Amino acid sequence: MVFLKVVLLALLTRAQEPVCRLQGRPELPLFSKDGNIIIGGIFSLRSSIVPRTQTFTNIPEAIKCHGLSLREFQFSQTMVFAIEEINNSTDILPGVSLGYKMYDACGSITLAIRAAMALMNGQEEGTLSEKSCTKPSTALAIVGHSSSSPTIGIATTIGGFRIPVISHFATCACLSNRDAFPTFFRTIPSDYHQSRALAQLVKHFEWTWIGTIRSDNDYGNSGMATFVKAARQEGICIEYSEAFIRTDPREVLLRIIDVIKKSTSKVIVAFLAKGEMTVLLEELLLQNVTGMQWIGSESWITASNFATGESYNVLRGAIGFSIGSAVITGLKEFLLNVNPYNDPDNIFLKEFWETVFSCTLTTRDKTENINPCTGSENLRDVNNQFTDVSELRVSNNVYKAVYAIANSLHNLFTCKNEQSPFPDKTCPNLMKIEPWQATKSVCSESCPPGTRKAIQKGKPVCCFDCISCAEGEISNQTDSNDCLKCPVEYWSNKQRDECILKDIEFLSFGEIMGIVLVICSLVGTCVTIAIAVVFFCYRETPIVRANNSELSFLLLFSLALCFLCSLTFIGQPSEWSCMLRHTAFGITFVLCISCVLGKTIVVLMAFRATLPGDNIMKWFGPIQQRLSVFTLTFIQGLICTLWLAISPPFPNKNIKSHKDRIILECEVGSAAAFCAVLGYIGFLAAMCFVLAFLARKLPDNFNEAKFITFSMLIFCAVWITFIPAYISSPGKYTVAVEIFAILASSFGLLFCIFGPKCYVILLKPEQNTKKHLMGKVQ
């Protein structure tokens, strides 16, 4: 009870504390300006973080950055210029002022995410309310980052809050995934297109033996993966593929350069960010590695500092695809007017000024400065990456990103209910604009992969329905106008966004039906051998010697072959198995029926020979019986030989019977030959049946003709019912029906002809006498 009171007291005490509490130090923007609507900006104004060692015994110190990036500073000031230009315009967002907050990510994913959280929550001191944490986001949209990996971190972190992120230089194709990054946009093409274009470029110059180097981050790994795939499709071979990041130790670079030196390829595709290329180039100069043909990605191929001085000796002749350049009227004058005297409290402007002019600005404590600035310094007298506007490529993308946000906001502010882009046809509350309202203005939701657009009748092209692709068709892009048919051997998956290989179907030894049929075949073979053993052991008894024991053993041999030939129908069809299965079936069955026919004729001749003066048995003795079996079988063998010579059976992929799977089957080749084989078997079976039927009532206690008649009746019934079953059975079941017919007819012959004899031999030996067989036992 005391413990419960303590817990409740702790909870009540905690409930009195502020609901929102900032953990850690507040993250303040480097540049900011108030406005009705705030746009965030995240740039790497400094290139890297100062290394530090954590002791984990006290609160970590604030992260420090170093290495001023003049190019990134130009990007940030281009954003400021665009916002000021919009604020001074009466054509876009009249009466609405745009503000901004810009943070420095220092090339760090961690700091980029922290800056995004600051823009979303507002981490300035004094902004946290003790009442709730439900205040709206500080920034309605974010411009940045220049690199893909930090941008992925930003978009992943705040995507769930529906805050749009518009990047000007993050080109990783992975960012095009709308499911993972629903609020990400960019004003630069995806690397998917550049990578494929680079492969085409290499192919154009017939460079088929190359090396590749990439940044070991999302930008380099994703871009190079697409390039390698496209290059291999073009027949280009890659000797080596290396990756590094600019913070790697020097040993990593030395190893890569050693690989370059030892390689035999003279062309290098470098999918590197500018930071990595700068580090690599410095080491290449130290190692004096020249004479290579470089293919560059858009990140560094147009860098002016790489095209002059010593760098030119290494990169002479480098080619690649560049971002389109543009002219932004008034930007140069705006950049030249940047100076720390207009904002003396801005630490970054002070650092920028001191770095450019190599002087020291006066501090507030009036301490003595080394090489103090005179105040007459002017950016018009310098030419660097910040002031150079001769080729505005990435800066133009920043400019377009700001205007994209402004135009979206302008459409919201000029919204009319009947023309509202929202489903409920109402306009947003202009006093409370939410981030998601600035990013969505569509008549119909995008059609996901697996569907296609169908324009709604009587409505503009922006209004459409999403219709699932038909079976066998896919769409693997968002908002596809048409579905693509899968190749012949492929079929669409359930989502209809990918073609997958069709299932291949054939009767295999591993499936249950195949195992059952194999067991039946082996059982039939074993029973046949067992009967043959019994007959051999009792070969001197009257019941075995009667009606030519030689034909009986030959018949048992042929029946064993009939059981075994069914095995050739199981398994994946091949050229040899297809030829073997049909010819083996035809020959073994003719051999079997020839023996039965011979035994039937022997019965008829034997009773004819009992008539006075009739010596007919001399015309159908053992020699004639063997000759008749050989002749009848030889004819079938000749038919099969001609069949194999003219148009033999062959394996075939049946793609017509079923749409979603491929049936591996054996085509007969020559239909006429196949019919001849079956027709010959049918002719012999019919002849045997007729003769046995005529001899069924001849006097004898053991008239074999009766059993032959019954066996041939089963044989004919099986193969007559086989025809409709064979035609109507789908896929692998067609083969199973054929095997069943072979086994059923073989078992019918085996048990009908030899079953009664084995019964007498093993169970009724007293009837196994000549007197009983001749009907003389009382």
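Shown above is the structure to which this text applies.
What counts, and where the lines are drawn
- Residues numbered from 1 in each chain as written.
- Predicted model: local features only at pLDDT ≥ 70, side-chain atom pairs only at ≥ 80, totals over all residues.
- Heavy atoms only, no water.
- Pairing = 2+ DSSP bridges.
- Helix = DSSP H or I, 4+ residues; strand = E, 2+ residues; numbered from the N terminus.
- Axes fitted to C-alpha atoms, helices over the stretch in contact; angles between N-to-C directions.
- Contact = heavy atoms within 4.5 Å.
- Disulfide = S-S within 2.5 Å.
- Buried < 20%, exposed > 50% of the residue type's maximum accessible area, 1.4 Å probe, protein only.
- 1 Å grid on protein atoms, 1.4 Å probe; cavity = no way out; pocket = protein on both sides within 12 Å on 5 of 7 lines; lining within 4 Å.
- Points joined across faces, edges and corners; volume = space filled by probe spheres on them.
- Nonpolar A, V, L, I, M, F, W, Y, C, P; charged D, E, K, R; others polar.
- Phe/Tyr/Trp six-rings, centres within 6.5 Å; stacked < 30°, edge-to-face > 60°.

## Some remarks on the sheet that holds strand S7 (residues 165–167)
Spatial strand order, S1-S5-S2-S6-S7-S8: six strands in an open sheet with mixed pairing. Of all the strands in the sheet, the pair left with one neighbour each is strand S1 (31–33) and strand S8 (184–186). Ignoring which end each strand starts from, the neighbouring axes of this sheet average 25° apart. As paired strands, strand S2 (residues 37–43) and strand S5 (residues 98–104) are joined by seven bridges and run parallel to one another. Of the residues in S5, the one forming a bridge with Gly-41 is Met-102. Lying on the sheet, helix H4 (residues 148–158) is in contact with S2, strand S6 (141–143), S7 and S8; it crosses S7 at an angle near 165°. This element, helix H12 (residues 394–413), spans S2, S5, S6 and S7 of the sheet and lies at about 165° to S6.

## Re the state of the cysteines
In total, this model carries seven disulfides according to the counting rule given. Each sulfur in the disulfide pair Cys-172 and Cys-174 lies 2.3 Å from the other. Disulfide Cys-172 to Cys-174: torsion about the S-S bond roughly 130°, handedness right-handed. Look at Cys-172 and you get buried, because its relative accessible area is 0%.

## Some words on the layout of surface pockets
Size it by volume and the second largest pocket reaches roughly 1,100 Å³. Lining the second largest pocket are 38 residues, with Leu-28, Pro-29, Leu-30, Phe-31 and Phe-348 positioned closest to its centre. Secondary structure elements with two or more residues in the lining of the second largest pocket: S1, helix H2 (70–87), S5, helix H3 (109–121) and helix H11 (347–357). Class assignment of the residues belonging to the lining of the second largest pocket gives a composition of 20 nonpolar, eight polar and 10 charged.

## A closer look at the packing of aromatic side chains
According to the stated counting rule, one finds 20 aromatic pairs in the structure shown. Residues Phe-31 and Phe-348 carry aromatic rings whose centres are separated by 5.9 Å and whose planes lie at 80° to one another, so their mutual orientation is edge-to-face. In this pair, Phe-31 sits in strand S1 while Phe-348 sits in helix H11, placing the two residues 317 residues apart along the sequence. Ring geometry for Trp-643 against Phe-674: centres 6.0 Å apart, planes inclined by 55°, an arrangement best described as tilted.

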